Amino acid sequence: MKMSFPIASDDFVQAGEASSKIKRILKQIGIPSGIIRRVSIAVYESEMNIVIHASDGEITLSVSADGIDIISSDQGPGIADLELAMQEGYSTASEEVRRQGFGAGMGLPNIKKSCDQLNIESELGKGTTLTMHFNLTESEV
Ligand SMILES: Nc1ncnc2c1ncn2[C@@H]1O[C@H](COP(=O)(O)OP(=O)(O)OP(=O)(O)O)[C@@H](O)[C@H]1O
Ligand SMILES: [Mg+2]
(Lines give C-alpha, C1' and ligand atoms only; values in the text may rest on other atoms or scores of the structure.)
(Ligands and ions follow the chains in the order given, each with its own letter.)
Protein backbone atom coordinates (compact mmCIF):
# COMPACT_ATOMS: atom_id res chain seq x y z
CA MET A 1 0.00 0.00 0.00
CA LYS A 2 1.35 3.39 -0.98
CA MET A 3 -0.19 6.86 -0.62
CA SER A 4 1.11 10.41 -1.06
CA PHE A 5 0.05 13.62 0.62
CA PRO A 6 1.04 17.05 -0.69
CA ILE A 7 2.30 19.57 1.88
CA ALA A 8 1.93 23.28 1.15
CA SER A 9 4.56 25.68 2.44
CA ASP A 10 3.36 28.30 4.98
CA ASP A 11 -0.11 26.72 5.17
CA PHE A 12 -0.70 26.61 8.93
CA VAL A 13 -4.40 25.87 8.40
CA GLN A 14 -3.83 22.57 6.58
CA ALA A 15 -0.75 21.73 8.66
CA GLY A 16 -1.16 18.46 10.53
CA GLU A 17 -3.58 17.03 7.95
CA ALA A 18 -1.15 14.45 6.59
CA SER A 19 -0.31 13.09 10.02
CA SER A 20 -4.03 12.90 10.94
CA LYS A 21 -4.85 11.06 7.72
CA ILE A 22 -1.95 8.65 8.04
CA LYS A 23 -2.91 7.98 11.66
CA ARG A 24 -6.45 7.11 10.56
CA ILE A 25 -5.27 4.81 7.77
CA LEU A 26 -2.86 2.94 10.03
CA LYS A 27 -5.61 2.47 12.60
CA GLN A 28 -7.97 1.11 9.93
CA ILE A 29 -5.46 -1.50 8.80
CA GLY A 30 -4.79 -2.61 12.37
CA ILE A 31 -1.29 -1.31 13.02
CA PRO A 32 -0.43 -1.48 16.76
CA SER A 33 -1.12 1.78 18.59
CA GLY A 34 2.45 2.20 19.86
CA ILE A 35 3.77 2.19 16.30
CA ILE A 36 0.99 4.52 15.12
CA ARG A 37 1.99 6.97 17.85
CA ARG A 38 5.62 6.97 16.74
CA VAL A 39 4.75 7.30 13.04
CA SER A 40 2.37 10.18 13.84
CA ILE A 41 5.07 12.10 15.71
CA ALA A 42 7.56 11.65 12.88
CA VAL A 43 5.06 12.61 10.17
CA TYR A 44 3.79 15.62 12.13
CA GLU A 45 7.31 16.97 12.74
CA SER A 46 8.30 16.37 9.10
CA GLU A 47 5.13 18.05 7.90
CA MET A 48 5.66 21.09 10.16
CA ASN A 49 9.26 21.39 9.00
CA ILE A 50 8.07 21.61 5.39
CA VAL A 51 5.36 24.16 6.29
CA ILE A 52 7.75 26.31 8.35
CA HIS A 53 11.19 25.92 6.80
CA ALA A 54 10.72 24.72 3.22
CA SER A 55 8.79 25.29 0.04
CA ASP A 56 6.15 22.78 -1.02
CA GLY A 57 6.70 19.11 -0.46
CA GLU A 58 5.16 15.70 -0.17
CA ILE A 59 4.87 12.91 2.36
CA THR A 60 4.56 9.33 1.18
CA LEU A 61 3.36 6.40 3.26
CA SER A 62 4.15 2.81 2.30
CA VAL A 63 3.13 -0.22 4.27
CA SER A 64 4.44 -3.69 3.59
CA ALA A 65 5.25 -6.86 5.51
CA ASP A 66 8.66 -5.25 5.96
CA GLY A 67 7.29 -2.37 7.99
CA ILE A 68 6.16 1.20 7.50
CA ASP A 69 8.14 3.60 5.35
CA ILE A 70 7.62 7.35 5.36
CA ILE A 71 9.35 9.62 2.88
CA SER A 72 9.16 13.37 3.42
CA SER A 73 10.56 15.45 0.61
CA ASP A 74 10.56 19.14 -0.22
CA GLN A 75 11.88 21.48 -2.86
CA GLY A 76 14.21 23.61 -0.80
CA PRO A 77 16.03 25.53 0.53
CA GLY A 78 17.83 22.53 2.01
CA ILE A 79 19.70 22.30 5.31
CA ALA A 80 23.17 23.91 5.42
CA ASP A 81 24.54 21.98 8.42
CA LEU A 82 22.74 18.72 9.05
CA GLU A 83 24.73 17.85 12.17
CA LEU A 84 23.79 21.19 13.72
CA ALA A 85 20.15 20.83 12.65
CA MET A 86 19.98 17.44 14.40
CA GLN A 87 21.00 18.95 17.75
CA GLU A 88 18.28 19.43 20.38
CA GLY A 89 17.41 23.11 20.70
CA TYR A 90 18.88 24.26 17.39
CA SER A 91 16.36 26.26 15.39
CA THR A 92 16.35 28.95 12.73
CA ALA A 93 12.61 29.62 13.25
CA SER A 94 11.54 33.27 13.13
CA GLU A 95 10.04 35.18 16.06
CA GLU A 96 6.65 34.98 14.37
CA VAL A 97 6.86 31.20 14.11
CA ARG A 98 8.04 30.93 17.74
CA ARG A 99 5.02 32.93 18.87
CA GLN A 100 2.86 30.20 17.34
CA GLY A 101 4.57 27.64 19.53
CA PHE A 102 7.09 26.18 17.10
CA GLY A 103 10.85 26.52 16.93
CA ALA A 104 11.99 24.61 20.02
CA GLY A 105 14.51 22.82 17.83
CA MET A 106 13.12 19.45 18.84
CA GLY A 107 11.51 18.23 15.62
CA LEU A 108 14.43 16.46 13.97
CA PRO A 109 15.72 14.94 17.27
CA ASN A 110 12.20 13.64 17.96
CA ILE A 111 11.93 12.19 14.46
CA LYS A 112 15.21 10.36 15.05
CA LYS A 113 13.92 8.94 18.34
CA SER A 114 10.55 7.95 16.88
CA CYS A 115 11.66 5.81 13.99
CA ASP A 116 13.80 2.70 13.73
CA GLN A 117 15.88 3.99 10.81
CA LEU A 118 16.37 7.53 9.55
CA ASN A 119 18.23 8.80 6.53
CA ILE A 120 18.37 12.50 5.65
CA GLU A 121 19.57 13.86 2.36
CA SER A 122 19.69 17.57 1.90
CA GLU A 123 21.17 19.79 -0.74
CA LEU A 124 21.24 23.57 -0.55
CA GLY A 125 18.99 25.12 -3.15
CA LYS A 126 17.54 21.72 -4.01
CA GLY A 127 15.68 20.34 -1.02
CA THR A 128 15.53 17.85 1.78
CA THR A 129 14.41 14.23 1.86
CA LEU A 130 13.85 12.27 5.04
CA THR A 131 13.47 8.51 4.72
CA MET A 132 12.06 6.87 7.83
CA HIS A 133 11.47 3.22 8.53
CA PHE A 134 9.38 1.70 11.29
CA ASN A 135 9.67 -2.00 12.05
CA LEU A 136 6.53 -4.04 12.41
CA THR A 137 7.90 -6.46 14.92
CA GLU A 138 5.90 -8.95 16.95
CA SER A 139 7.17 -7.50 20.22
CA GLU A 140 5.22 -4.32 19.60
CA VAL A 141 1.91 -6.00 18.71
N1 LIG B 1 12.68 20.55 5.57
C2 LIG B 1 13.56 21.47 5.98
N3 LIG B 1 14.05 22.38 5.09
C4 LIG B 1 14.96 23.30 5.47
N5 LIG B 1 15.43 23.43 6.73
C6 LIG B 1 14.97 22.56 7.66
C7 LIG B 1 14.00 21.55 7.34
N8 LIG B 1 13.76 20.83 8.45
C9 LIG B 1 14.51 21.37 9.42
N10 LIG B 1 15.25 22.40 8.96
C11 LIG B 1 16.24 23.21 9.71
O12 LIG B 1 16.67 22.45 10.85
C13 LIG B 1 16.37 23.17 12.05
C14 LIG B 1 16.00 22.21 13.15
O15 LIG B 1 14.76 21.54 12.83
P16 LIG B 1 13.85 21.00 14.01
O17 LIG B 1 12.63 20.41 13.42
O18 LIG B 1 14.68 20.12 14.88
O19 LIG B 1 13.51 22.32 14.86
P20 LIG B 1 12.49 23.51 14.53
O21 LIG B 1 11.61 23.13 13.39
O22 LIG B 1 13.28 24.75 14.36
O23 LIG B 1 11.65 23.58 15.86
P24 LIG B 1 10.49 22.54 16.34
O25 LIG B 1 10.53 21.39 15.38
O26 LIG B 1 10.87 22.14 17.72
O27 LIG B 1 9.22 23.33 16.25
C28 LIG B 1 15.26 24.15 11.67
O29 LIG B 1 15.21 25.28 12.53
C30 LIG B 1 15.69 24.52 10.24
O31 LIG B 1 16.75 25.46 10.26
MG1 LIG C 1 10.65 21.28 13.36
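Summary of the structure given here. Note that this is a predicted model, so its numbers are computed, not measured.

1. Some words on the site of ligand 1
So, point 1. As a structural note, the neighbourhood of ligand 1 is formed by 20 residues, with His53, Ser91, Thr92, Gly103 and Met106 the closest of them.
So, point 2. Asn49 places a side-chain nitrogen or oxygen 2.9 Å from an oxygen atom of ligand 1.
So, point 3. Thr92 has a polar side-chain atom sitting 2.5 Å from an oxygen atom of ligand 1.
So, point 4. Burial of ligand 1 by the protein amounts to 93% of the accessible area it has alone, namely 600 Å².
So, point 5. Those elements giving two or more residues to the shell around ligand 1 turn out to be α2 (33–53) and α5 (107–114).
So, point 6. The residue makeup of the shell around ligand 1, split by class, is nine nonpolar, nine polar and two charged.

2. A few points about the pairing of strand β4 (residues 117–123)
The side chains of a regular strand alternate, first on one face of the sheet and then on the other.
So, point 1. Inspection of the sheet shows β4 paired to strand β5 (residues 127–134) by seven bridges, in the antiparallel sense. Bridge pairing links Asn119 to Thr131 in β5.

3. With respect to the packing of helix α1 (residues 17–28) against α2
So, point 1. Put simply, α1 and α2 touch, their axes get as near as 8 Å, and they point 160° apart. When the axes of α1 and α2 are compared, the pair comes out roughly antiparallel. Crossing geometry of α1 relative to α2 is assigned as right-handed. Two secondary-structure elements touch here, α1 through Glu17, Ala18, Ser19, Ile22, Lys23, Leu26 and Lys27 and α2 through Ile36, Val39, Ser40, Val43, Tyr44 and Glu47.
So, point 2. Class assignment of the residues belonging to the contact of α1 with α2 gives a composition of seven nonpolar, two polar and four charged.

4. Some details on the pattern of salt bridges
Once their charged atoms are close, side chains differing in charge can pair, the charge on each being opposite to the other.
So, point 1. Taken as a whole, this structure holds four salt bridges when the rule is applied.
So, point 2. Here Arg38 makes a salt bridge to Asp116, at a shortest N to O gap of 3.7 Å. Here Arg38 is found in helix α2, whereas its partner Asp116 is found in the loop between α5 and β4, with 78 residues between them in sequence.
So, point 3. What makes Arg38 buried here is its relative accessible area of 18%.

Scoring rules and cut-offs
Residues numbered from 1 in each chain as written. Chains lettered and ligands numbered in written order. Predicted model: local features only at pLDDT ≥ 70, side-chain atom pairs only at ≥ 80, totals over all residues. Heavy atoms only, no water. Near = heavy atom within 4 Å. Polar contact = N/O pair within 3.5 Å; in protein donor to acceptor, adjacent residues only side chain to side chain. Areas by Shrake-Rupley, 256 points an atom, 1.4 Å probe, with all protein chains shown as cover. Helix = DSSP H or I, 4+ residues; strand = E, 2+ residues; numbered from the N terminus. Nonpolar A, V, L, I, M, F, W, Y, C, P; charged D, E, K, R; others polar. Pairing = 2+ DSSP bridges. Axes fitted to C-alpha atoms, helices over the stretch in contact; angles between N-to-C directions. Parallel < 35°, antiparallel > 145°, perpendicular 65-115°, else oblique. Left-handed = near helix turned anticlockwise from the far one by under 90°. Contact = heavy atoms within 4.5 Å. Salt bridge = Lys/Arg side-chain N within 4 Å of Asp/Glu carboxyl O. Buried < 20%, exposed > 50% of the residue type's maximum accessible area, 1.4 Å probe, protein only.

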